[in-house]
Amino acid sequence: MNRYILSLLLSAIATCGITAANPAKALLKKLAETQKRGIMVAHQDATVYGTTWKWDTGRCDVKEVCGDYPAIIGFDLGKLELGEDKNLDGVPFSRMRQEIISHHQRGGIITLSWHAFNPATGGNTWDINGNAVTKMLPGGELNATLDKWLGRVAGFINSLTTPDGKHIPVIFRPWHEMNGGWFWWGSKSCEPQQYAKLYQYTHGKLTAMTHENIVWAYSPNLTDGDETERNFMKYYPGDKYVDLLGVDVYQFSSDNATYQANVKKELDVIVKLGREHKKITALTETGYRNVPDSKWFSTCLLPAIEQYPISYVLLWRNAWDNPEENYIAAPEKKTADDFRLFHDNDKTLFLKDILKD
Ligand code: BMA
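What counts, and at which threshold
- Residues numbered from 1 in each chain as written.
- Predicted model: local features only at pLDDT ≥ 70, side-chain atom pairs only at ≥ 80, totals over all residues.
- Heavy atoms only, no water.
- Phe/Tyr/Trp six-rings, centres within 6.5 Å; stacked < 30°, edge-to-face > 60°.
- Lys NZ or Arg CZ within 6 Å of the ring centre and 35° of its normal.
- Salt bridge = Lys/Arg side-chain N within 4 Å of Asp/Glu carboxyl O.
- Helix = DSSP H or I, 4+ residues; strand = E, 2+ residues; numbered from the N terminus.
- Buried < 20%, exposed > 50% of the residue type's maximum accessible area, 1.4 Å probe, protein only.
- Near = heavy atom within 4 Å.
- Areas by Shrake-Rupley, 256 points an atom, 1.4 Å probe, with all protein chains shown as cover.
- Nonpolar A, V, L, I, M, F, W, Y, C, P; charged D, E, K, R; others polar.

Participant: Could you give an account of the packing of aromatic side chains, naming the residues involved and the relevant values?
Facilitator: All chains considered together, the criterion is met by 27 aromatic pairs. Lying across the ring of Tyr69, Arg106 places its NZ or CZ 3.8 Å from the centre.

Given below as C-alpha cells:
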C-alpha cells in the first residue's frame, strides 16, 4: 500500500474513533443536551445500600420514594488501589461493576469518585501526612505505586462493558476537594502546581490504558473568601485535561440562607467559567446531614440551583454504616413527601426524564 493511501486510511480510522465509537464524547454530548433541559439528580451508592438496608439487590431509596431511579449514580473507588475487593464503605467492587452496568443498560449515567488511601503512610484518605503527592510524581519514590494504582483503576474501568462488549462511559472525579486541607492531595499537603501535575499524570496514564470512556471532572470544595474565580481555578490542571467543572458545597447548620448564598457564589462562577472554557458544569456533591428540615429539597436546594444551567446535582450517600450521614430521602424519612415534590418539579431530571428525546 502506498504511503498516501495508508495515511488516508489511518486518518479515517482516527476520525471514526472520535465521532462514532467514542463513549466519552457521546456522554459529553448527552450531558450538554440534558443540561439545556434541566438538572439531573444524582445519588451516591443509590442501589447498594440505604440507612436501614444494605446489599439487597433491586433496591434504591430514591426509587422507593418517587418511583424512579436517580439519573446518575455515584460510586467510590477508595481501596481499589490497594487491590482489595471491597471499597472503603464495604461495597464489593464486583457488585459495583454489576450496578454500573445495570444503570447504564437502563439509560442512566455513572460518576466515580476516589477516596484513595495515603500511599506514604498507609493511612486512609484523610491522613494528610507523609508528602504523598511529592513522592508520587515522576522521580519520586512512590511513582511506581501511583502507576500500579492507576493500572488497577484502569482495570476496573475497562471491566465496565455492556454484554455486547461496548465500553461504558463514566464521569471520573479524581483528587476532589483539593482546596480543602482534609485529603492527602489537598491544600495542606501539596502545592497547586504539584496538584496540577498529579491530575495531568493521572489523565495521561488512564487515557492511555482505557478506551476513550472517561469524562474528566475537576471538583474543588466551596472556596474561601470572595475571590471565587481565582480560588476555584487555583489547582486547575488545564483545559486539555478537564471536561466538567464541578464544586462540592454542603450545608452545615439550619441557616438555609448561608447554604444558598454559598451555592450561588460558586455556581455564578462555574457557570461563567463553563461558558468561557466550553465545559459542562455540575454541583458535584451536596447535602445536609440527616436533612433535619423536612422541606429542605423543595424549599432550600431547589431554589438554590434551579436558575442555573448545570448538568447535575449529586446528593451524598445514605450511609448504612454511619447514622450521621444521610443525605437523601427514603420511605421512612420525614423528607419523603417533600422529595416527591422535588422529583415532580419540571427542572429536576430523574432517569425516566433523560430517556425522553
Ligand atoms: C465521605 C464520607 C465517608 C465515606 C467517604 C467515601 O464523604 O461519606 O464516610 O467513607 O465519603 O464514600
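Participant: Could you give me a rundown of the pattern of salt bridges, with the residues and numbers involved?
Facilitator: One pass over the full model with this rule turns up 17 salt bridges. Two residues, Asp147 and Lys205, come together in a salt bridge whose shortest N-O distance is 4.0 Å. With a gap of 58 residues between them, Asp147 in helix α6 (residues 143-158) and Lys205 in helix α7 (residues 192-209) connect regions that are remote in the sequence. Exposure remark for Asp147: the relative accessible area of 27% places this residue in the partly exposed category. A salt bridge links Arg317 to Asp321, with the nearest nitrogen and oxygen atoms 3.2 Å apart. Taking relative accessible area as the criterion, Arg317 reaches 5% and is therefore assigned buried. Salt bridges sharing common partners tie together Asp89, Arg317, Asp321 and Glu325.

Participant: Explain the site of the ligand to me, and be specific about the residues and the numbers.
Facilitator: Taken together, the neighbourhood of the ligand is formed by Leu88, Asp89, His115, Trp126, Trp316, Arg317 and Glu325. Considered on its own, the ligand offers 310 Å² of accessible surface; in the complex 81% of this is hidden by protein. For the shell around the ligand, the per-class residue count stands at 3 nonpolar, 1 polar and 3 charged.

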